[in-house]
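# Analysis of the macromolecular model
Next come the chains, spelled out residue by residue.
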Amino acid sequence: MSQEMQVLAKDLHRHYGQYYAVAGVNITLRKGEVLGLLGPNGAGKSTTMKMLTGNLTPDQGEISINGIDLFNEPQVAKKHIGYLPERLPVYCDMTVLEFLRYCAQLRGIARTAQHASIDRALQRCGLGDVSKRLIGNLSKGYQQRVGIAQAILHNPAVIILDEPTVGLDPVQIQEIRHLIRELGEEHSVMLSTHILPEVQALCDRVQIIYQGQTVFEDFLQGLEQRHADCILRLGFEEPIDVKKLQAIESINKIESLGSMRYNVYVEGYQHMGDHLCKLAFAEGWKLTEMTPQTTDLETIFLDLVHREEARA
């Protein structure tokens, strides 16, 4: 993955009266990266994407696309963006070919280059066999492919997809995910979703948004590893003095599982395993098990959301 920054957004705010849809969100997207913007419905994902694509002006903040200021040079910056909004932007009474020709003209693609651009988009999105059919007569999955085709028609550096698989059946979801993975090999891709498996299947990095703010951001592998280390399952051969475990500052909670086994909830202490081994040796406890408990992304996501609700 390149370190070249293709999207850089700082301190984005957007409010409607007293309601803040987005409040201080920062976004970075590097070349060759797939970023997942994850959050429940109403978290501010679509509002953020509308600002990043120039379809909505933020009340505060800065946005650059491929090093170009979106506010000072909007037409130049938008040439580097391909955008698929949540509501599919297609004309159902046009054929696929007619619609893509129309989009090519809107994009200002030279007439001599239009045929090659359209043909490339048709091939990449698997639309060659249906190019002469009316869009309204296509399945929802194929209509979504048409929406992605118009987004990549001008070969943009950045592709932004808002809920790209919403409303699709399982087979169509797999097909669209495969297409997005292919696009991620040549473009920088940002997608929003409230579907957790989407992030796991597609993304290099995840940014979780809740109530208009970023509550977590990390590479997907790092996110899962960070939370996997937060729970240690301990087993002992004989009863122990649990109060001595509870006295350790970094341990938030100890859950008894019976048969002298415990789940120990740890916060912010990466070497807790070594510390517990030393404590067990010093106390003469016969430690029989120490297992980090893996946490799936759904549990992580819900945990972060519930923490934010508790703080509110």
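Let us look at the pairing of strand β8 (residues 188–193). Among the 6 residues that make up β8, 6 are buried, leaving the element largely enclosed by the rest of the structure. Residues Ser188, Met190 and Ser192 line one face of β8 and the alternating positions Val189, Leu191 and Thr193 line the opposite face, and both faces are buried. Two elements, strand β3 (residues 34–38) and β8, share 5 bridges in a ladder whose sense is parallel. Within the sheet, the bridge partner assigned to Leu37 lies in β8 and is Ser192. Assessed by its sense of winding, the connection that carries the chain from strand β7 (residues 158–162) through helix α6 (residues 170–183) to β8 is right-handed.

A few words now on the packing of aromatic side chains. Within this structure, the stated rule accounts for 4 aromatic pairs. Judged by centre distance (5.9 Å) and plane angle (80 degrees), the ring pair of Phe236 and Trp285 falls under edge-to-face. Of this pair, Phe236 sits in strand β11 (residues 231–236) while Trp285 sits in the loop between α10 (272–283) and β14 (287–292), and the two are 49 residues apart along the sequence. A relative accessible area of 5% places Phe236 in the buried class. Cluster of aromatic residues (ring-pair linked, three or more members): Tyr91, Phe99 and Tyr102. For the cation-ring pair, Arg145 lies above Tyr142, with the distance from its terminal atom to the ring centre recorded as 5.6 Å.

Right, let's talk about helix α4 (residues 111–124) for a bit. Relative to the 20 Å expected for 14 residues at 1.5 Å per residue, α4 spans 21 Å between its end C-alpha atoms, a close match to the ideal helical length. All of the buried residues in α4 are Gln114, Ser117, Ile118, Ala121, Leu122 and Arg124. End-on view of α4: buried residues confined to an arc of 165 degrees, all on one side of the axis. Of the residues in α4, the exposed ones pointing more than 90 degrees away from the buried face are Thr112, His115 and Gln123. On its buried face, α4 is in contact with α3 (96–106), α5 (140–152) and α6.

Secondary-structure assignment places Phe216 in strand β10 (residues 213–219). Overall, the relative accessible area of 9% leaves Phe216 in the buried class. Distance in space between the C-alpha atoms of Phe216 and Asp93 is 43 Å, their sequence separation being 123 residues.

Here the focus is the pairing of β11. Counting buried positions over the 6 residues of β11 gives 5, a clear majority of the element. The pairing of β11 with strand β13 (residues 261–266) spans 5 bridges and is antiparallel. Its bridge partner being in β13, Gly235 is matched across the sheet by Arg261.

Let us now look at the packing of α3 against α4. When two helices pack together, their arrangement is given by the angle between the helix axes and the distance between those axes. Look at α3 against α4: their axes get within 10 Å of each other, and the N-to-C directions meet at 125 degrees. The angle between α3 and α4 places the two elements in the oblique class. Seen along the crossing, α3 lies across α4 with a hand that is right-handed. Where α3 approaches α4, its residues Val96, Leu97, Leu100, Arg101, Ala104 and Gln105 are matched on the opposing element by Gln114, Ile118 and Leu122. Counted by class, the contact of α3 with α4 contains 6 nonpolar, 2 polar and 1 charged residues.

Reading across the sheet, the 6 strands line up as β6-β7-β8-β3-β9-β10 and stay open at both edges, with mixed pairing between neighbours. Edge positions in the open sheet fall to β6 (81–84) and β10, since each of these has one partner strand only. Adjacent strand axes in the sheet meet at a mean angle of 15 degrees, parallel and antiparallel pairs treated alike. Strands β3, β6, β7, β8 and β9 (205–210) of the sheet are contacted by helix α1 (residues 45–52), whose axis makes an angle of about 150 degrees with β8.

A few words now on unusual backbone geometry. Of note in the backbone geometry, Gln211 takes a positive phi value of approximately 50 degrees without being a glycine. Mapping Gln211 onto the fold places it in the loop between β9 and β10. Despite not being glycine, Ser259 shows a phi value in the positive range, around 55 degrees. Along the polypeptide, Ser259 turns up in the loop between β12 (251–258) and β13.

Next up on the list: α5. Counted at 1.5 Å a residue, the expected span for α5 with its 13 residues is 18 Å, and the 19 Å between its end C-alpha atoms agrees. In terms of burial, α5 is largely enclosed, as 11 of its 13 residues are buried. For α5, every residue scored as buried is listed here: Gly141, Gln143, Gln144, Arg145, Val146, Gly147, Ile148, Ala149, Gln150, Ala151 and Ile152. In this fold, the buried residues of α5 make contact with β6, α3, α4, β7 and α6.

Conventions and cut-offs
Residues numbered from 1 in each chain as written. Predicted model: local features only at pLDDT ≥ 70, side-chain atom pairs only at ≥ 80, totals over all residues. Heavy atoms only, no water. Buried < 20%, exposed > 50% of the residue type's maximum accessible area, 1.4 Å probe, protein only. Helix = DSSP H or I, 4+ residues; strand = E, 2+ residues; numbered from the N terminus. Pairing = 2+ DSSP bridges. Right-handed = clockwise from strand over helix to strand, strands pointing away. Phe/Tyr/Trp six-rings, centres within 6.5 Å; stacked < 30°, edge-to-face > 60°. Lys NZ or Arg CZ within 6 Å of the ring centre and 35° of its normal. Expected span 1.5 Å × (residues − 1). Arc of directions from axis to C-beta. Contact = heavy atoms within 4.5 Å. Axes fitted to C-alpha atoms, helices over the stretch in contact; angles between N-to-C directions. Parallel < 35°, antiparallel > 145°, perpendicular 65-115°, else oblique. Left-handed = near helix turned anticlockwise from the far one by under 90°. Nonpolar A, V, L, I, M, F, W, Y, C, P; charged D, E, K, R; others polar.

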